[in-house]
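Residue strings, one per chain:
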Amino acid sequence: MKQILLLLALILFSNLLSGQSENDITTFSKKLDQFYNIRDFCISNNGNEAYFTIQSPSGEISQIATLKKEGNKWLEPELLPFCDEFMYLEPFLTPDQNRLFFVSDRPINNSSIQKKDFDIWYVDKDTINNSWSKPKNLGKPVNSSLDEFYPTVSSNNNLYFTMASPNGLGKDDIYFCEWKLGKYKEPVLLNKNINSDGYEFNAFISKNEDFLLFTKYNTVDGQGSGDLYISKKDKNNNWAKATNLGLPINTKYMEYCPFYDEENQKLYFTSKRKNIKTQDFKTVLDFKNYIKESKNGLSKIYVAKLNIIKN
């Protein structure tokens, strides 16, 4: 019976996406084509401000940048002011827009130059001059001596994140921390409908905490490499078995780092999809433009229409 229900769910979800083709999945902005590796995207409620991670080709340098829109035009990207010689990645703008979470290996003590393990940090919006505060470490019980990654919060401030722990189910797992009485409770490992003995990471939680988007790596029912999955809460408020988002969102290449705009039903995600083909180039400039503007196998931010039907 469970297998039949799962099959019906997969068919229903495939039908939901059947109107899309690969051509309907586009890059977010040509402003970002100048970067080799780009990932970890979020956008403001009004659609006028975006945050993302830019990295060196091999990922040893990682910084957070922002794009701002004036009228209908995106301006040039700028680094966030707190970025320095340490690693910065995975920005997440809270639903109230007043806090930006991110991940960094920066030291707790500003006078130190010694890298730390990766922790979850945040900056708050100063309503007086509309600038971000200095970075603050989220602290215990969320942060630990292990690496914590990819923070995402619902409207009630409940936190979901990725951690590789010896007490987990697999290599990377998704955890949850409840916000109660003004502080976070101890991390809780999500159930086997989400996590497995493999890799689960990069979770996005909906505002009402009724669905979760995340990446599973190299799964039996996947397209190949990393695939995006969705899980919804059942009538008992438990996470149901996650289902693959399918083609054309997922490909045989790596798809990860989802962010969902619920109001406009848009899925933003990182992909290493590739469809470049050899051709006769007239100039070096033609070659350069074709390579950087194509789905060229490098990490880029893509956007697709996605209507998520809630339970």
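Residues numbered from 1 in each chain as written. Predicted model: local features only at pLDDT ≥ 70, side-chain atom pairs only at ≥ 80, totals over all residues. Heavy atoms only, no water.

Section: the overall build of the chain
Counting its regular elements, the chain contains two helices and 24 strands. Since a compact globule built from 311 residues should have a radius of gyration of about 19 Å, the 19 Å found for the chain is in line with a globular shape. With the principal axes as the frame, the chain shows a C-alpha extent of 60 × 60 × 35 Å. By residue count, 50% of the 311 residues in the chain fall in the buried class. (Helix = DSSP H or I, 4+ residues; strand = E, 2+ residues; numbered from the N terminus. Rg over C-alpha atoms; globule rule 2.2 N^0.38 Å. Buried < 20%, exposed > 50% of the residue type's maximum accessible area, 1.4 Å probe, protein only.)

A word on the pairing of strand β22 (residues 255-261)
Taken across its seven residues, β22 has seven buried, putting it largely inside the fold. In this structure, β22 lies alongside strand β23 (residues 266-271), joined through five bridges in antiparallel fashion. Residue pairing across strands places Tyr256 opposite Thr270, the latter belonging to β23. The turn joining β22 and β23, which pair antiparallel and follow one another in sequence, is formed by four residues; a positive phi near 55° is taken by Gln265. (Pairing = 2+ DSSP bridges.)

What to know about the pattern of salt bridges
Opposite charge on two side chains permits them to pair, given that their charged atoms come into close proximity. According to the stated counting rule, one finds 15 salt bridges in the structure shown. The salt bridge involving Glu22 is made with Arg273; its shortest N-O contact spans 2.9 Å. Taken together, the residues Glu22 in the loop between α1 (2-17) and β1 (26-27) and Arg273 in the loop between β23 and α2 (284-293) connect sequence positions 251 residues apart. Residue Glu22 is classed as partly exposed on the basis of its relative accessible area of 25%. A relative accessible area of 2% places Arg273 in the buried class. (Salt bridge = Lys/Arg side-chain N within 4 Å of Asp/Glu carboxyl O.)

A look at the sheet that holds strand β13 (residues 159-163)
Spatial ordering of the open sheet is given by β12-β13-β14-β17, a layout of four strands whose pairing is antiparallel. Every other strand in the sheet has two partners, leaving β12 (148-153) and β17 (188-189) as the edge strands with one partner each. In this structure, strand β14 (residues 173-177) lies alongside β17, joined through two bridges in antiparallel fashion. Note on β17: the bridge partner recorded for Phe176 is Val188.

Some thoughts on the side chain of Asn244
As for its placement among the helices and strands, Asn244 is situated in strand β21 (residues 243-244). Engagement of the side chain of Asn244 in a polar contact is seen with the side chain of Asp227, the distance being 2.9 Å. A polar side-chain atom of Asn244 sits 2.8 Å from a polar atom in the side chain of Asn250. (Polar contact = N/O pair within 3.5 Å; in protein donor to acceptor, adjacent residues only side chain to side chain.)

Things to note about the sheet that holds strand β19 (residues 211-217)
Here four strands make up an open sheet; going across it, the order is β18-β19-β20-β21 and the pairing antiparallel. Strand pairing shows two members of the sheet lacking a second neighbour, β18 (199-205) and β21, which therefore form its edges. Examined bridge by bridge, β19 and strand β20 (residues 226-232) share seven bridges and lie antiparallel to one another. Note on β20: the bridge partner recorded for Phe211 is Lys232.

A look at the nonpolar core
Ranked by size, the top nonpolar core spans 61 residues in total, and within it Phe28, Leu213, Ile249 and Leu267 carry the most contacts. In this view, Leu213 contacts Asn202, Ala203, Phe204, Tyr229, Ile230, Leu245, Pro258, Tyr260, Leu267 and Ile308; residues no more than four positions away in its chain are not counted. If you look at the next biggest cluster of nonpolar residues, it comprises twelve residues, including Ile174, Ile194, Ile205 and Tyr229. (Core = buried A, V, L, I, M, F, W, Y, C linked by side-chain atoms within 4.5 Å. Contact = heavy atoms within 4.5 Å.)

It is worth stressing that arrangement in space is one thing and function is another; only the former is reported here.
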